[in-house]
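The primary structure of each chain is shown beneath.
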Amino acid sequence: MAKTWWELQILCSPEIEDSVYWRLDEFGCRGTASQKKGNLVSVQAYLPQSQAHLLDLAALSLWLRQDALCFETSLPSLQWKLIDEEDWSSSWKQHWEPQEIGDRILINPSWIQVPENTERKILQLDPGSAFGTGAHATTQLCLESLEMRFSDIPEFFVSSQEKKNDVVIADIGCGSGILSIGALLLGAAKAYAVDTDSLAVSSTVENRDINGLAPERLKVAQGSVEVMQQLVTEPVDGIVCNILADIIMEILPGMSAIVKPTSWGIFSGILLEQSNAVTDVLEKNGWVVATLWKRKEWCCLNVRRQ
Ligand SMILES: C[S@@+](CC[C@H](N)C(=O)[O-])C[C@H]1O[C@@H](n2cnc3c(N)ncnc32)[C@H](O)[C@@H]1O
């Protein structure tokens, strides 16, 4: 039987866009996309009908309005309607456009023709229902951090370049696979990716194939850090992990067990006010915070082993 989805449309001020995303994520929405509408932002999100009743949607509307009051900004509007599966898969795609991230990456929806006149690395993506379109600040911070990681060795040093191309990373909470694929396009040799959500795993595999990456270069499995420990054949050079702070702190010992003395890490999905708590746990697990990058209320910690 065809599945039915709620299509939610929120019109809000840009100041609360991230908190809207957070609420929608908590609510279980999939395939979120946003676009500017004058001074406002229009956010679309999709949710299987079975996961929410009208009362839940009314409650969501109330939370969004309460958030806006806290930010002292104009009240958002939330509209919803039911659509069937076929409409869902084409509907949110209409709202998603190519997006430049940092200086070197262009995220290109896989159904849009690849631009010819660009020097950027083109990351083709169809996230399906997995998180990771590149629209969220936490993903952008990770991609920009990866860009920095893979740009710091001048390309004219051949030996350094070879070293750069040996880099193996572990991506925990891979979603659409956007960070693994970004790292591979930027110069990593190999990526291992895990996610607890089976839809994220299939999305990562699909996006690996869309980008023409060999399966040996991007190994994907369902699970968390314990599965990653079994997946990697030797310690990795870098870890990327864009999950919420509480989860990062919980699985950090497991992540620390698969690194080398020279490894680096990129940890995102952390609210600014949580950065001290995460830093404490990082230090207890043998990491040093090198830089903190922030965007809106989110931050991304670039770390290295002591
Ligand atoms: C915020 S999304 C990040 C997706 C993508 N890496 C990005 O940066 O856009 C977090 C992902 O982590 C997954 N996740 C949540 N808890 C996890 C855990 N304990 N271990 C592994 N994955 C987890 C979720 O299913 C989700 O796909």
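Since the model is a prediction, treat every value here as computed from it, not as a measurement.

1. What to know about the overall build of the protein
Stage number 1. Looking only at helices and strands, the protein features 10 helices and 14 strands.
Stage number 2. Computed over its C-alpha atoms, the radius of gyration of the protein comes to 19 Å, within 12% of the 19 Å expected for a compact globule of 306 residues.
Stage number 3. For the C-alpha atoms alone, the extent of the protein along its principal axes is close to 60 × 45 × 40 Å.
Stage number 4. In the protein, which comprises 306 residues, the proportion classed as buried is 52%.
Stage number 5. By sequence separation, contacts in the protein at least 24 residues apart represent 66% of the contacts at least 6 residues apart.
Stage number 6. Entry remark: accessible area of the protein is about 14200 Å², with carbon and sulfur atoms responsible for 50%.
Stage number 7. If you average the places of the 25 positive and of the 40 negative side-chain charges in the protein, the two averages end up 4 Å apart.

2. Let's talk about a negative patch on the surface
Stage number 1. Taken together, Asp84, Glu85, Glu86 and Asp87 make up a surface patch of like negative charges.
Stage number 2. Here the negative patch gets three residues from one element, more than from any other, and that element is helix H3 (residues 85-91).

3. As for helix H4 (residues 137-149)
Stage number 1. With 13 residues, H4 extends 18 Å between its outermost C-alpha atoms, agreeing within 8% with the 18 Å of an ideal straight helix rising 1.5 Å per residue.
Stage number 2. Summarising burial for H4: 11 of the 13 residues are buried, a large majority.
Stage number 3. Within H4, burial applies to Ala137, Thr138, Thr139, Gln140, Leu141, Cys142, Leu143, Glu144, Ser145, Leu146 and Glu147.

4. Looking at the pattern of salt bridges
Stage number 1. Under the criterion given, the structure shown has six salt bridges.
Stage number 2. Ionic pairing is found between Glu7 and Lys81, a salt bridge with its closest N-O pair at 3.5 Å. Note that Glu7 is positioned in strand S1 (residues 4-12) and Lys81 in strand S4 (residues 77-84), a separation of 74 residues in sequence.
Stage number 3. A relative accessible area of 10% means that Glu7 is categorised as buried.

5. Description of the nonpolar core
Stage number 1. The biggest cluster of nonpolar side chains holds 32 residues, and the ones touching the most others in it are Ile107, Leu123, Leu143, Leu146 and Phe150.
Stage number 2. Those elements giving two or more residues to this core turn out to be strand S6 (105-109), strand S7 (121-125), H4, helix H6 (178-186), strand S9 (190-195), strand S10 (218-222) and strand S12 (259-271).
Stage number 3. Here this core gets seven residues from one element, more than from any other, and that element is H6.
Stage number 4. Residue contacts for Leu123: discarding those within four places in its chain leaves Ile105, Leu106, Ile107, Asn108, Ile178, Ile181, Gly182, Leu185 and Asn211.
Stage number 5. In this structure, Ala170, Met228, Ile239 and Leu301 belong to the second largest nonpolar core, which totals 27 residues.

6. A few points about the pairing of S9
Stage number 1. Counted residue by residue, S9 has five buried out of six residues, so it is predominantly covered.
Stage number 2. Two elements, strand S8 (residues 168-172) and S9, share five bridges in a ladder whose sense is parallel. Bridge pairing in S9 links Val168 to Lys190.
Stage number 3. Bridge count between S9 and S10: five bridges; the pairing is parallel. Paired with Tyr192 across the bridge in S10 is Lys219.
Stage number 4. The parallel pair S9 and S10 is bridged by helix H7 (residues 198-210), and the resulting crossover is right-handed.

7. Re the UniProt feature "binding site: S-adenosyl-L-methionine" (unreviewed entry) in the protein
Stage number 1. Under the UniProt annotation, the feature "binding site: S-adenosyl-L-methionine" (unreviewed entry) is placed at Thr139, Gly173, Asp195 and Asn242.
Stage number 2. With respect to the secondary-structure elements, Gly173 resides in the loop between S8 and H6.
Stage number 3. Judged by its relative accessible area of 25%, Gly173 falls in the partly exposed class.
Stage number 4. Those residues in contact with Gly173, other than ones at most four positions away along the chain, are Val194, Asp195, Asn242 and Ile243.
Stage number 5. Topologically, Asp195 is positioned in strand S9.
Stage number 6. Discounting residues that sit within four places of it in the chain, Asp195 has contacts with Gly173, Cys174, Gly175, Ala200, Val201, Ala221, Gln222 and Gly223.
Stage number 7. Engagement of the side chain of Asp195 in a polar contact is seen with the backbone nitrogen of Gly175, the distance being 2.8 Å.

8. Here's the deal with a nonpolar patch on the surface
Stage number 1. A contiguous nonpolar patch, built from Trp22, Leu244 and Ile247 and spanning about 230 Å² of accessible area, is present on the exposed surface.
Stage number 2. One can find Ile247 in helix H9 (residues 245-256).
Stage number 3. For Ile247, a relative accessible area of 34% gives the class partly exposed.

Calculation rules
Numbering of residues starts from 1 in every chain and runs along the sequence as written. It should be noted that, the model being predicted, local features are given only for residues of pLDDT at least 70 and side-chain atom pairs only at 80 or more, the latter also being counted only at that level, while totals for whole chains, interfaces and linings use all residues. Note that the side-chain values use all heavy atoms of the structure and ignore hydrogens as well as water. Only runs of H or I of at least four residues qualify as helices and only runs of E of at least two qualify as strands under DSSP, and these elements are numbered from the N terminus. C-alpha atoms define the radius of gyration in this analysis, and the globule rule sets the expected value at 2.2 Å times the number of residues to the power 0.38. Relative accessibility under 20% of the residue-type maximum defines a buried residue, over 50% an exposed one, and the middle range a partly exposed one, all with a 1.4 Å probe and only protein chains included. Whether two residues touch is decided by their heavy atoms; if any such pair falls within 4.5 Å, the residues are in contact. Residue burial considers only the protein chains on display, and all accessible areas are found by Shrake-Rupley using a 1.4 Å probe. In this charge count, Lys and Arg are treated as positive and Asp and Glu as negative; neither His nor the chain ends contribute. A charge is said to be at NZ when it belongs to Lys, at CZ for Arg, at CG for Asp and at CD for Glu. Only residues whose relative accessible area exceeds 30% and that take part in no salt bridge are eligible for patches, with like-charged residues grouped when within 9 Å of each other and nonpolar side chains (Val, Leu, Ile, Met, Phe, Trp, Tyr) grouped when within 5 Å. Here, a salt bridge means any Lys or Arg side-chain nitrogen found within 4 Å of an Asp or Glu carboxyl oxygen. A helix's residues, less one, multiplied by 1.5 Å, set its expected span. Residues enter a nonpolar core if they are buried and are Ala, Val, Leu, Ile, Met, Phe, Trp, Tyr or Cys, with the set joined through side-chain atoms within 4.5 Å. Pairing between strands requires that DSSP locate at least two bridges from one strand to the other. Whether a crossover is right-handed comes down to one check: with the strands pointing away from the viewer, does the path from the first strand over the helix to the second run clockwise; if it does, it is right-handed. UniProt positions are given in the numbering used here, feature names are shortened, and annotations may be inferred rather than shown by experiment. In protein, a polar contact means a hydrogen-donor-capable atom and an acceptor-capable atom, both N or O and within 3.5 Å, with residues adjacent in sequence counting only if both atoms are side-chain atoms; elsewhere, any N or O pair within 3.5 Å suffices.

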